[in-house]
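Residue-level structural notes
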Amino acid sequence: MTSLKSTGLAALAALLLAGCKITLYSNVGEAEANQMLALLMLRDIPAEKVVEKGGVVTLRVEKGEFINAVEVLRQNGFPQNKRLGMGDLFPSNQLVTSPAQERAKMQLLKEQQLEAMIAAMDGVIEARVSIAQKVDDNGKPTGAPSAAVFIKYSPQFNLGNQEVQIRSLVRDGIPDITSDQISVVMQAADYRYRAAAQEVPAAGWTRWIQERPAEAAGLSAAAVVGLAMLAWLGTATMRRRRTGHA
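These remarks concern the structure in this document.

Conventions adopted
Here the residue numbers are simple positions, counted from 1 along each chain's written sequence. Only residues with pLDDT of at least 70 get local features here, since the model is predicted, and only at 80 or more are side-chain atom pairs given and counted; chain-wide, interface and lining totals rely on the full set of residues. Only hydrogens and water are set aside; all other atoms, that is, all heavy atoms of the structure, feed into the side-chain values. Any residue under 20% of the maximum accessible area for its type is buried, any over 50% is exposed, and the rest in between are partly exposed; the area is computed with a 1.4 Å probe on protein chains only. Under the DSSP-based scheme used, a helix requires at least four consecutive residues in state H or I and a strand at least two consecutive residues in state E, with every element numbered from the N terminus. Two strands qualify as a pair provided DSSP detects at least 2 bridges between them. With strands facing away from the observer, any crossover in which the path from the first strand over the helix to the second runs clockwise is taken as right-handed. Structural elements are reduced to axes, namely lines fitted to C-alpha atoms, with helices fitted over the stretch in contact, and the angle between N-to-C directions of any two is expressed from 0 to 180 degrees. Whether two residues are in contact is decided by their heavy atoms, any of which lying within 4.5 Å being enough. Take the residue count of a helix, subtract one, and multiply by 1.5 Å to get its expected span. Comment on the angle field: the value is read as roughly parallel under 35 degrees, roughly antiparallel over 145, roughly perpendicular from 65 to 115, and oblique elsewhere. Throughout, a crossing is termed right-handed when the near helix is turned clockwise from the far one, and left-handed when it is turned anticlockwise from it by less than a right angle. Three classes are used: nonpolar for Ala, Val, Leu, Ile, Met, Phe, Trp, Tyr, Cys and Pro, charged for Asp, Glu, Lys and Arg, and polar for all others, with Gly counted as polar. Here a cavity is any set of points on a 1 Å grid over the protein atoms alone where a 1.4 Å probe fits but cannot get out, and a pocket is any open set with protein on both sides within 12 Å along at least 5 of 7 lines; a residue lines the site when it has an atom within 4 Å of a point. Grid points are joined across faces, edges and corners, and a volume is the space filled by probe spheres set on the points.

Regular strands place side chains that alternate from one sheet face to the opposite one. Along strand S5 (residues 146–153), the buried face is formed by Ala147, Val149, Ile151 and Tyr153; none of Ser146, Ala148, Phe150 and Lys152, which line the opposite face, is buried. Direction of pairing for strand S4 (residues 124–132) relative to S5: antiparallel, over a ladder of 8 bridges. Across the sheet, the residue bridging to Ser130 is Ala148, located in S5. Note: S5 against strand S6 (residues 182–188), 7 bridges, orientation parallel. Looking at the pairing, Ala148 lines up with Ser183 of S6. Regarding the hand of the β-α-β motif, the stretch spanning S5, helix H6 (residues 163–173) and S6 is right-handed.

Written out as structure tokens, the structure reads:
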């Protein structure tokens, strides 16, 4: 009888877990999805990937791990920002554009190239670069350009020691810019992890459902049935112990 109870409880636990898995991210490239999945596995967060049509991937995690999964990926710069390339800004079938438009596109391309290089540094969650250039009435550049750099980084890394290298990277990437025309702001991200949920005793599931109807409503139908059966088993076991039966 005891063995049967243990088997039933294990099956119900599996049923509950299977009914609470939700989508974390969808339409992700497989290479990036593998990196994200590896990070979650290193943090002992159960996750799975589902390959959809076209090779795109959907990542799924247990509902109780959703917050921590998002935070782990955010702290490591995932999912990565999609940046435009040369082919996006200058398609082969594009009509002739004005010189001012061509310069604006080249400036955007340079900003994104610098962002990609900074984002490749360990600890960088997000990098933004904005280049400013004065122009005359004909749209031609005048004077030296300036650049503003914003970096959000993981508090696990001391990125403040890298500011000199970041300034040097921006200076070498923008012609005619001087060091005093580069502003860099770096901000450490806050941790937003969720503490592990406390386990609910088998005999307390009925009370838990009654006291937390909103959370119980979010469970799948299979999970609700499983909770009810688990509560019944717990109550039946307690009654047998009181009456002295095995």
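So that's the structure; there's more coming.
Before going further, it helps to examine the sheet that holds S6. Ordered in space as S4-S5-S6, the 3 strands form an open sheet in which the pairing is mixed. The open sheet is flanked by S4 and S6, the only strands paired with a single partner. Along the sheet, successive strands turn relative to each other by an average axial angle of 10 degrees, direction set aside. Each of S5 and S6 is contacted by H6, which is oriented at about 140 degrees to S6, the strand it contacts most.

Sheet architecture is open: 3 strands sit in the order S1-S3-S2, paired in antiparallel fashion. Only two strands of the sheet have a single neighbouring strand rather than two, namely strand S1 (21–28) and strand S2 (47–51). Each adjacent strand pair in this sheet contributes to an overall mean axis angle of 25 degrees, direction not counted. As paired strands, S2 and strand S3 (residues 57–62) are joined by 5 bridges and run antiparallel to one another. Counted as the bridge partner of Ala47 is Val61 from S3.

What follows is about the environment of Ala120. Assignment of secondary structure puts Ala120 in the loop between helix H5 (99–119) and S4. For the pair formed by Ala120 and Gly77, sequence separation is 43 residues and the distance between their alpha carbons is 9.4 Å.

Looking now at helix H2 (residues 30–42). Under the 1.5 Å per step criterion, the end-to-end length of H2 is 18 Å for 13 residues, consistent within 8% with the ideal 18 Å. Where H2 is buried, its residues touch S1, S2, S3 and helix H3 (66–75). Looking at the residues trailing H2, positive phi occurs at Asp44, about 60 degrees.

Here we take up the packing of H5 against H6. The contact between H5 and H6 brings their axes to 11 Å, and the two run at 150 degrees. When the interaxial angle is binned, H5 and H6 end up roughly antiparallel. Handedness of the crossing formed by H5 with H6: right-handed. Contact with H5, carried on its side by Lys110, Leu114, Met117 and Ile118, involves Ile166, Leu169, Val170 and Gly173 of H6 and no other residues of that element.

We now examine the environment of Ala116. The residue Ala116 is located in helix H5 in this model. Residues Ala116 and Lys82, 34 residues apart in the sequence, show an inter-C-alpha distance of 9.9 Å.

Moving on, we get to the environment of Val61. Mapping Val61 onto the fold places it in strand S3. Here the alpha-carbon distance between Val61 and Leu40, two residues 21 residues apart in the chain, equals 9.4 Å. Filtering out sequence-adjacent residues up to four positions away, Val61 remains in contact with Cys20, Lys21, Ile22, Leu24, Leu40, Pro46, Ala47, Phe66 and Ala69.

Before going further, it helps to spend a moment on the packing of H2 against H3. Contact geometry of H2 with H3 gives a least axis separation of 10 Å together with a crossing angle of 115 degrees. Both H2 and H3 take part in a crossing whose hand is right-handed. Two secondary-structure elements touch here, H2 through Met36, Leu39 and Leu40 and H3 through Ala69, Val72 and Leu73. Looking at the contact of H2 with H3 residue by residue, the class counts come to 6 nonpolar, no polar and no charged.

Before going further, it helps to examine the layout of surface pockets. Of the volumes computed, that of the second largest pocket is approximately 450 Å³. Around the second largest pocket, the lining is made up of 23 residues, and of these Asn76, Gly77, Ala119, Val124 and Ile125 lie nearest the centre. For the lining of the second largest pocket, the secondary-structure elements that each account for two or more residues are H2, H3, H5 and S4. Considering every element that reaches the lining of the second largest pocket, the biggest residue donor is S4, with 4 residues.

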